[in-house]
Every structure is written in C-alpha cells, then in structure tokens.
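This is what each chain is made of:
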Amino acid sequence: MSGGLSNPTSTLFIFFFFLIAISVQGRPPFACDLRDGATKNFPFCQTNLAIGDRVRDLIGRLTLQEKVKLLGNTAAAVPRLGIKGYEWWSEALHGVSNVGPGTKFGGDFPGATSFPQVITTAASFNASLWEEIGRVVSDEARAMYNGDMGGLTYWSPNVNIFRDPRWGRGQETPGEDPVVAGIYAERYVRGLQGNEEGDGLKVAACCKHYTAYDLDNWSGVDRFHFNAKVSKQDMEDTFDVPFRSCVREGKVASVMCSYNQVNGIPTCADPDLLRKTIRGGWGLNGYIVSDCDSVGVFYENQHYTSTPEEAAADAIKAGLDLDCGPFLAQHTETAVQSGILKEASIDTNLANTVAVQMRLGMFDGEPSAQPYGHLGPRDVCSPAHQELALEAARQGIVLLKNHGPALPLSPRRHRSVAVIGPNSDVTVTMIGNYAGVACGYTSPLQGIAKYAKTIHQQGCGDVACSDDRLFPGAVDAARQADATVLVMGLDQSIEAEFRDRTGLLLPGFQQDLISQVSKASRGPVILVLMSGGPVDVTFAEKDPRIGGIVWVGYPGQAGGAAIADVLFGAHNPGGKLPMTWYPQEYLNNLPMTAMDMRANLAKGYPGRTYRFYKGPLVYPFGHGLSYTKFKNTIAEAPNMLAIPIFGRHASNTTITTSKAIRVTHAKCSKLSIQVHIDVKNVGSKDGTQTLLVFSKPPVGLWAPHKQLVAFEKVHVPAGSLQRVAINIHVCKYLSVVDKAGVRRIPIGEHSLHIGDAKHSLSLQASVLGVIKS
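The shown structure was predicted, so the numbers you read here are calculated from the model rather than taken from an experiment.

A. Region of the structure containing the overall build of the chain. The helix and strand inventory of the chain stands at 22 helices and 28 strands. Computed over C-alpha atoms, the radius of gyration of the chain comes to 27 Å, within 12% of the 28 Å expected from 2.2 N^0.38 for 773 residues, which places it in the range of a compact globule. Principal-axis analysis of the C-alpha atoms places the extent of the chain at approximately 80 × 70 × 55 Å. In the chain, buried positions account for 64% of the 773 residues. Long-range pairs, those at least 24 residues apart, make up 77% of the contacts in the chain between residues at least 6 apart in sequence. For the chain, the accessible surface area stands at approximately 28000 Å², while carbon and sulfur atoms represent 52% of it. The average position of the 73 basic charges and that of the 71 acidic charges among the side chains of the chain differ by 7 Å.

B. Region of the structure containing the packing of helix 7 (residues 178–193) against helix 9 (residues 241–248). Remark: helix 7 packs on helix 9, axes separated minimally by 8 Å, with the N-to-C direction vectors making an angle of 25°. Classified by the interaxial angle, the pair formed by helix 7 and helix 9 is roughly parallel. Crossing hand, helix 7 versus helix 9: right-handed. Touching Pro-178, Val-179, Ala-181, Gly-182, Ala-185, Glu-186 and Val-189 of helix 7 are Val-241, Pro-242, Ser-245 and Cys-246, all from helix 9. For the contact of helix 7 with helix 9, the residue count by class is eight nonpolar, two polar and one charged.

C. Just the sheet that holds strand 12 (residues 416–420), in detail. Strand order in the open sheet made by the six strands is 11-16-15-14-12-13, with mixed pairing throughout. Where the open sheet ends on each side, the last strands, each with one partner, are strand 11 (398–402) and strand 13 (453–457). Each neighbouring strand pair of the sheet contributes to a mean axis angle of 20°, computed without reference to strand direction. Judged from the five bridges that link them, strand 15 (residues 525–530) and strand 16 (residues 546–551) form a sheet pairing that is parallel. Its bridge partner lying in strand 16, Val-528 is registered against Val-550. Helix 17 (residues 471–480) rests against strand 12, strand 13 and strand 14 (483–489) of the sheet, and its axis sits at about 160° to strand 12. Relative to strand 14, helix 18 (residues 510–520) is tilted by about 175°, and along the sheet it contacts strand 12, strand 14, strand 15 and strand 16.

D. Representation of the domain arrangement of the chain in the model. The domains assigned to the chain are domain 1 (43–379), domain 2 (390–603) and domain 3 (630–767). The centre of domain 1, based on its C-alpha atoms, is set 34 Å off from the matching centre of domain 2. Contact residues are listed per partner, giving 59 residues for domain 1 and 52 residues for domain 2. Counting each side, the surface lost to burial between domain 1 and domain 2 is near 4500 Å², with a carbon and sulfur contribution of 58%. Where domain 1 meets domain 2, there are four salt bridges. Here Arg-169 and Glu-497 are joined by a salt bridge, their closest N and O atoms 3.1 Å apart. Where domain 1 packs against domain 2, one counts 34 residue pairs in polar contact (both at pLDDT 80 or more). Elements that contribute at least two residues to the side of domain 1 that touches domain 2 include exactly helix 5 (118–122), helix 6 (127–146), strand 4 (217–218), strand 5 (221–222) and helix 8 (232–239).

E. Structural context of helix 18. Listed in full, the buried residues belonging to helix 18 are Gln-510, Leu-513, Ile-514, Val-517, Ser-518 and Ala-520. Seen from one end, helix 18 has its buried residues packed into an arc of 165°, which puts them on one side. Where the residues of helix 18 are buried, they touch strand 12, helix 17, strand 14, strand 15, helix 19 (538–542) and strand 16.

F. Highlighting the nonpolar core. Ranked by size, the top nonpolar core spans 156 residues in total, and within it Trp-155, Ile-643 and Ile-728 carry the most contacts. With 10 residues, helix 6 is the largest single contributor of residues to this core. Built from parts of two domains, this core gets at least three residues from each of domain 1 (43–379) and domain 3 (630–767). Grouped together as the second largest cluster of nonpolar side chains are 86 residues, Trp-167, Val-398, Leu-400 and Met-592 included.

G. Representation of the confidence of the model for the chain. Per-residue confidence for the chain averages 93 on the pLDDT scale, and 93% of its residues sit at or above 70. Residue range residues 1–26 is modelled with pLDDT below 50. Its contacts to residues more than four positions away, or to other chains, number 46 contacts.

H. Representation of the packing of aromatic side chains. A full pass over the atoms with the stated rule returns 26 aromatic pairs. Geometrically, the ring pair formed by Trp-89 and Trp-155 is stacked, given 6.1 Å between the ring centres and 15° between the ring planes. Here Trp-89, found in the loop between strand 2 (86–87) and helix 5, pairs with Trp-155, found in the loop between helix 6 and helix 7; they are 66 residues apart in sequence, far enough to count as distant. The interplanar angle of 65° and the centroid separation of 5.9 Å between the aromatic rings of Trp-581 and Tyr-619 together place this pair among those described as edge-to-face. Of this pair, Trp-581 sits in the loop between helix 20 (559–567) and helix 21 (609–612) while Tyr-619 is found in the loop between helix 21 and strand 17 (630–636), placing the two residues 38 residues apart along the sequence. Members of the aromatic cluster, connected to one another through ring pairs, are Phe-125, Trp-130, Tyr-184, Tyr-188, Tyr-610, Phe-621, Phe-694 and Phe-711. Note that Lys-706 overlies the ring of Phe-694, its terminal NZ or CZ placed 4.2 Å from the centroid.

I. Broad picture of the state of the cysteines. A complete count under the given rule lists seven disulfides for this structure. Note that Cys-257 is cross-linked by a disulfide to Cys-268, the S-S spacing being 2.1 Å. Disulfide Cys-257 to Cys-268: torsion about the S-S bond roughly 110°, handedness right-handed. Within this pair, whereas Cys-257 is found in strand 7 (residues 254–257), its partner Cys-268 is found in the loop between strand 9 (265–266) and helix 10 (272–281), the two being separated by 11 residues in sequence. Look at Cys-268 and you get buried, because its relative accessible area is 1%.

J. Spotlight on unusual backbone geometry. Thr-211 follows Tyr-210 through a cis peptide bond whose omega is 5°. When you line up the elements, Thr-211 lands in the loop between strand 3 (207–210) and strand 4. Looking along the chain, the bond that leaves Leu-407 and enters Pro-408 is cis, with omega of 0°. Structurally, Pro-408 can be placed in the loop between strand 11 and strand 12. For Ala-212, which is not glycine, the phi torsion reads 50° and is therefore positive. Here Asn-589, not a glycine, exhibits a phi torsion of approximately 55°, which is positive. Mapped onto the elements of the fold, Asn-589 is located in the loop between helix 20 and helix 21. Judged by its relative accessible area of 79%, Asn-589 falls in the exposed class.

K. Spatial organisation of helix 14 (residues 343–359). Spanning 17 residues, helix 14 covers 24 Å between terminal C-alpha atoms, matching the ideal 24 Å at 1.5 Å per step. Two residues or fewer past helix 14, Gly-361 is found with a positive phi of approximately 85°.

L. Examining the environment of Pro-405 more closely. On the secondary structure map, Pro-405 appears in the loop between strand 11 and strand 12. Taking relative accessible area as the criterion, Pro-405 reaches 59% and is therefore assigned exposed. Distance in space between the C-alpha atoms of Pro-405 and Ile-133 is 33 Å, their sequence separation being 272 residues.

M. Spotlight on the pattern of salt bridges. For the structure shown, the criterion picks out 35 salt bridges. For Arg-545, the salt bridge goes to Asp-543, with nearest N and O atoms at 3.2 Å. Note on Asp-543: relative accessible area 9%, which makes it buried. Shared partners join several salt bridges into a network, and the residues in it are Arg-169, Glu-172, Asp-216, Arg-223 and Glu-497.

Conventions and cut-offs
- Residues numbered from 1 in each chain as written.
- Predicted model: local features only at pLDDT ≥ 70, side-chain atom pairs only at ≥ 80, totals over all residues.
- Heavy atoms only, no water.
- Helix = DSSP H or I, 4+ residues; strand = E, 2+ residues; numbered from the N terminus.
- Rg over C-alpha atoms; globule rule 2.2 N^0.38 Å.
- Buried < 20%, exposed > 50% of the residue type's maximum accessible area, 1.4 Å probe, protein only.
- Contact = heavy atoms within 4.5 Å.
- Areas by Shrake-Rupley, 256 points an atom, 1.4 Å probe, with all protein chains shown as cover.
- Lys, Arg positive; Asp, Glu negative; His and termini not counted.
- Charge placed at Lys NZ, Arg CZ, Asp CG, Glu CD.
- Axes fitted to C-alpha atoms, helices over the stretch in contact; angles between N-to-C directions.
- Parallel < 35°, antiparallel > 145°, perpendicular 65-115°, else oblique.
- Left-handed = near helix turned anticlockwise from the far one by under 90°.
- Nonpolar A, V, L, I, M, F, W, Y, C, P; charged D, E, K, R; others polar.
- Pairing = 2+ DSSP bridges.
- Domains from an automatic or database assignment.
- Buried area = accessible area lost by both parts, 1.4 Å probe.
- Salt bridge = Lys/Arg side-chain N within 4 Å of Asp/Glu carboxyl O.
- Polar contact = N/O pair within 3.5 Å; in protein donor to acceptor, adjacent residues only side chain to side chain.
- Arc of directions from axis to C-beta.
- Core = buried A, V, L, I, M, F, W, Y, C linked by side-chain atoms within 4.5 Å.
- pLDDT = per-residue confidence, 0-100.
- Phe/Tyr/Trp six-rings, centres within 6.5 Å; stacked < 30°, edge-to-face > 60°.
- Lys NZ or Arg CZ within 6 Å of the ring centre and 35° of its normal.
- Disulfide = S-S within 2.5 Å.
- Expected span 1.5 Å × (residues − 1).

Right, here's the structure in full:
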C-alpha cells in the first residue's frame with residue numbers, strides 16, 4: 001500500500017514535476033482537480049483530512065437518486081460535484097485484460113504483458129514470483145489508467161478451490177489445495193495493491209467468487225441455479241481458507257460473491273457470509289461486489305424473492321456494496337420509497353466503495369500529480385516485464401515423465417525435430433481465458449525452431465481432432481526427424497467459463513495420433529500437454545516409446561520459448577502439479593454437484609483432492625521431476641511442542657475424546673515450529689528444488705490423509721547443499737476441523753513429510769508449563 005498518498009511534500013513535488021504533462025493532456029478534470037475551482041475546496045477533496053471524514057462529506061452531498069446510480073459497476077457521473085462516471089469492472093487475472101469494459105487497448109497501449117494462466121503460475125510454488133507478477137501487472141494497470149485506457153479496480157484473483165477436475169474455470173485458480181490458494185491470494189493481492197505502509201492502494205484487487213463456486217454448466221445444472229450443499233466442516237476446512245487469507249493477510253480491497261446458492265441462500269443475499277463473516281469476522285477494509293448480474297439472477301432465475309425491490313433490499317442489507325450490473329441502480333430507489341430499505345443502509349454501503357476510490361487517489365485530482373503518476377506507455381510490455389513472463393512460464397512447467405532419460409534434447413544430436421499437434425503453433429491458446437492482448441507471442445513451433453530445424457505437421461485440424469485425415473503427414477514427419485515433439489491437449493473450446501468438461505481423456509482422435517506418431521518416430525518422442533485441468537494420459541505414461549511428458553498449462557505469451565528452453569535443457573524444470581490428475585474412472589457415478597470433500601467409501605463416494613482421495617492416480621498432487629536429483633534431509637526440528645491453553649479452558653474437558661484443543665482456546669500468536677532442511681543436489685545439473693512439506697495428523701475422523709503445511713523454492717548448484725529454514729504456524733497449519741466446523745489442534749504424534757524425509761512431532765497440551773496428556 002502506498003504511504004505516499006498522504007505525504008503532501010511528495011505530492012507537491014510530483015505535481016510541479018508533471019505540471020506540463022497535465023496541461024498537454026487536455027482531458028476533462030478529474031474529481032477534485034486543482035483546475036476545477038468549483039470543487040477543489042469541498043472537504044471531500046482535502047487530502048489532509050481522514051478518509052472517513054472525506055467519505056462522509058461526499059455522501060452527505062448526494063441525493064438519493066445520485067446514490068443509487070453509484071451502486072452499479074457503471075457508476076454515473078455527478079457533474080455538480082465534479083465527479084466523472086466510473087467503470088468498476090476491470091480484470092487482471094494474469095495480466096491486464098480487456099474482458100471487463102473498464103479497460104481497453106489501442107493507441108499508446110496496443111497490448112499488455114500476458115503472464116501464464118494462474119494454474120501454470122501456481123505450479124511454480126514460488127510465492128515471491130506470484131507477488132512480483134502482481135507488482136508488474138499493477139504497474140501496467142496504473143500506466144493505462146494514467147493514459148485514460150483503464151480503471152483502478154480489478155476483479156482478480158480467482159481463488160476458488162479446484163475441487164472437481166472437470167471444472168472449466170479450474171485453469172483460473174491456484175489449484176486444489178486451500179493453503180496454496182490462500183498464500184497465492186495473499187501474495188498476488190499484495191503485488192497488485194502495493195505493499196507499502198499506510199492505507200493507500202496502487203490498484204484495488206478483488207478475491208472471487210465467494211463461496212463454494214466451482215461448477216459452471218454440467219449435465220443440465222448451471223451456476224445460476226445451483227444450490228451448493230456444504231457442511232460447516234468443509235466450509236471452514238476448505239472453501240473459506242483462501243478467502244480468509246486474502247482478507248486477513250492480503251488485506252484485499254474487495255471480495256466478490258458468487259452466482260450460486262449455499263445451503264439454500266444466494267451468496268450475494270446472505271448476511272452470514274457477507275456482513276458477518278467477510279466484514280465482521282475477517283475485517284474486510286473495502287467493498288463487496290456481486291458477480292455480474294448476481295442480484296438479478298437470484299430474483300429472476302432462483303426466484304429467491306417475490307419482487308425486484310425485495311431482491312435489492314436483501315442484497316444491500318446482507319452487505320453487498322456494489323452490483324456488477326444494473327439491477328440495484330434500477331430497483332433500489334423504489335425499495336427505499338416502499339419502506340423495505342432505509343437510505344442509511346445505502347449510505348453505509350456506499351461508504352465502502354467511495355473509501356476505496358479515495359484510497360486509490362481518485363478524489364485527489366489529476367493522476368500524474370500523484371504517486372505512480374509517472375507510469376506510462378514505456379512501462380507496459382517493457383523488456384523486463386516480458387522477461388518475467390518468460391521466466392514465470394519456465395518455472396510453471398512440470399516434467400511428468402522422463403524415461404531413459406529422453407530429456408533434455410540435444411541441439412547437437414537432435415538437429416531436426418518433428419513438431420506435431422493441434423497446439424504446436426498456437427498463440428492465443430497459450431494465454432487461456434480472462435486474458436487481454438499480449439505484447440507478442442512465441443509459439444511452441446517458433447520456440448523449438450531456435451534450437452533445431454523443424455518439420456511441422458498439425459496432425460489434427462484443432463484440439464477436437466474429429467478426424468484422422470492429417471495423420472499420414474504427421475507420421476511421415478516423425479519418420480524423418482531426429483526427435484518428435486507432440487504438442488497436444490485442450491483449449492477454451494473444451495474447458496472455459498460456462499463450459500465444464502464431461503471427461504478427462506484427450507479429445508477426439510488425439511490419443512490415436514500420439515500412438516501412431518510414437519510408433520513411427522525414429523527418435524525420442526516427447527508429449528507436451530497444454531491444458532488447464534488434468535488429463536488422463538495413462539496410455540502415454542505406460543508407453544515406453546513416449547520418453548517424456550511435459551505439462552505446460554496455458555503458459556502465456558512466451559510459452560513457446562519456455563517450452564523449448566525446458567525441452568533442450570536451457571532451463572531445468574522445477575514445477576509441481578497444483579492439482580491431482582485422476583484416471584477417467586474417478587468420475588464414475590461422481591456428480592459435480594456433490595460438494596463433500598471427504599470420502600464415504602461405504603456409499604461409493606471417493607472423496608476429493610489429494611487430502612481426502614486415496615484411489616488410483618495418473619499423477620499425484622505435487623508431482624514433478626527434474627533433470628537432476630535432490631536428496632532432502634531434516635537437519636533440525638523439534639520433537640515435542642507444548643500447546644499453551646488459556647487458563648479458563650484448562651480443565652480436562654478441553655481435551656475432547658478425540659484429544660484435540662480448540663484453536664480459540666490456545667495461545668496461538670507466536671506458536672510455531674521451525675524445520676531446517678538440508679537439500680543436496682546429487683545430480684550433474686544445477687536445479688531448483690520445490691520443497692513441499694506435508695503433515696499427517698494423528699488418526700481421527702476429522703483429519704485429511706495429509707495436508708500441505710509449507711512450501712519453499714531453493715536453487716542448488718550441482719554437487720552442493722543448501723539449508724532451508726521453514727516456519728510452520730501450529731494453529732494455522734497443524735490444526736484440523738471437526739464436523740461442527742470448529743478448528744482444533746490434535747494432541748499426539750504429527751508426522752512431517754518432505755519427499756522421503758520424515759519427522760515425528762508430538763504436540764501436548766500445557767497449562768502453566770504443566771503438560772496434560
């Protein structure tokens with residue numbers, strides 16, 4: 001966050017420095033612009049006043065008619081107060097996007113840096129990278145705002161749990177693990193919003209879609225009609241985790257409620273979710289916005305209320321501050337006039353949106369006179385930003401199989417490469433959905449061409465691969481080349497918003513193409529998979545003729561260069577899968593609408609994600625190989641830790657029959673352990689090891705099989721050793737949730753796993769230094 005917003009000396013200096021720029025731009029004055037003598041003396045324009053005082057002054061000057069016109073994403077102008085209209089809806093999922101109407105490309109801003117889709121970036125397990133991408137995206141967003149091509153409120157990131165592998169929007173998420181999703185939310189939001197002291201915002205991020213939203217359109221059920229039946233246990237243990245981290249640790253400026261109902265109540269009309277939990281329990285300092293037309297959806301599609309005025313009143317009273325759509329602007333005034341809503345409720349909610357705008361500097365006049373006012377066209381698609389997009393793609397690529405080893409390829413021995421497949425020469429496919437206009441593209445074919453002579457054949461007309469007429473050319477290319485790279489997988493025609501998958505196999509005749517080409521190839525065969533969700537490629541994993549399998553997700557504008565760098569060994573892959581890869585049989589009799597996370601084998605329910613599913617796998621969560629070998633050793637870690645309990649909870653009744661202490665009864669603030677891990681590179685190549693620390697709690701009905709509790713990246717040169725210290729907060733990461741939704745710390749033996757290294761940690765209850773067993 002920007003402390004500079006409240007620094008009058010700094011602001012004055014910047015103002016004079018950009019005085020010429022202001023006069024040249026010739027744009028209409030911004031709110032509280034010093035050129036606008038009619039408004040500059042209003043109290044809400046005085047930057048030396050507290051934001052709360054400024055907000056109250058502004059709202060107090062508005063009429064009811066003006067207020068309701070500010071409740072939608074396309075907020076109306078208030079000319080008499082010098083306030084221009086504002087479009088709230090912009091997107092920055094993995095780069096500044098033009099999906100929302102608040103951002104556009106053209107003129108000095110023909111494009112913006114398009115980073116890998118989130119699922120690929122999550123595979124890096126590199127929290128500092130996530131924050132750096134956010135910082136770069138916000139630089140470009142501010143630059144476009146300064147150039148009058150974008151807003152400052154971005155409805156990103158998507159931190160929903162990738163619960164079901166068929167979900168078309170799973171590509172937008174950080175994966176299936178709630179801890180990973182929570183840390184991603186925190187770090188990406190920090191990058192977007194700025195991480196300085198104070199209450200100012202560089203841009204305002206938004207964590208979405210709250211909550212239990214992970215179905216778009218499956219087997220006749222769509223997100224507009226779906227009622228997610230979620231237990232208190234799963235809500236606390238899984239679905240709430242990333243949103244809580246986003247608000248508490250990330251200090252996000254906004255949360256978006258989803259289309260679906262949860263246990264019979266639309267999320268955007270549920271005061272327990274919005275006013276009680278997000279704002280009251282977690283302390284949101286910002287606004288709550290609906291997914292687009294959500295208020296209209298719960299009136300018109302879900303028939304939750306009998307009149308549109310009741311829908312508007314329910315949403316506002318529940319804590320919804322802003323409507324993406326026109327519904328509140330159309331029906332709120334009538335709701336007030338009919339007596340079912342008080343104008344004071346509108347004031348309360350408007351205060352949340354206006355305060356965010358003021359924290360962004362939108363009532364401080366011309367932006368070039370403010371912090372970040374120096375950012376312009378040269379700061380968008382800069383060489384450094386494009387290099388970061390390339391590096392992010394490299395770090396997110398996951399090596400799934402390397403038999404032989406077939407990889408890396410050698411430019412000396414593999415001078416010609418057959419590049420085959422429907423995704424072999426794609427560009428836009430690489431950036432996935434919620435993307436903008438990229439600075440430029442390097443396709444897989446172009447990337448490989450920098451290392452070897454290429455023989456290109458698509459083999460299929462598109463990823464649907466509905467016929468085999470192009471197979472002969474692909475087979476012939478494989479016979480001629482020194483190596484064969486098949487770039488296969490999915491695209492937005494198979495998985496996307498409002499398009500859930502029906503199965504996990506490769507579409508159409510893709511598998512047949514891979515098998516025929518593999519039989520014909522005279523050199524090593526490498527399968528590159530481009531997809532957001534998992535794919536059942538068991539056939540390829542078992543086929544000895546397919547030497548390597550690489551998953552690249554949707555790798556962004558520089559995806560082709562990153563793929564080639566990995567294939568030819570210029571980059572040693574270190575990515576890990578952020579989601580489980582299931583076999584097709586996992587889906588047997590498993591409706592997407594079944595929300596339970598935990599398995600019920602007696603009823604044939606397999607459970608979801610690595611935390612609760614124990615059946616057959618294609619690849620497990622966290623799987624990923626390297627071109628070198630690492631050995632992990634736990635060098636130092638405590639064997640026992642006493643859990644101090646508040647005195648009034650110290651009786652034996654606190655230690656339940658399951659021997660678990662309520663987190664709220666323990667002194668949690670500084671309760672953490674530190675684990676020192678020695679990572680030795682025993683191979684011949686420099687590489688980066690991704691340390692995934694799992695905890696297996698004492699056996700009990702509540703607990704997952706295992707839970708990721710920490711992760712860290714460490715670069716280790718060949719033959720050397722690095723020691724890594726990892727802190728694990730006990731109450732946050734070693735706790736489990738009971739059936740009533742109460743988070744507890746299990747007493748007894750916890751097992752920590754880092755690869756093959758294991759360590760036993762005993763947690764014991766303690767009152768005044770006395771251990772209670």
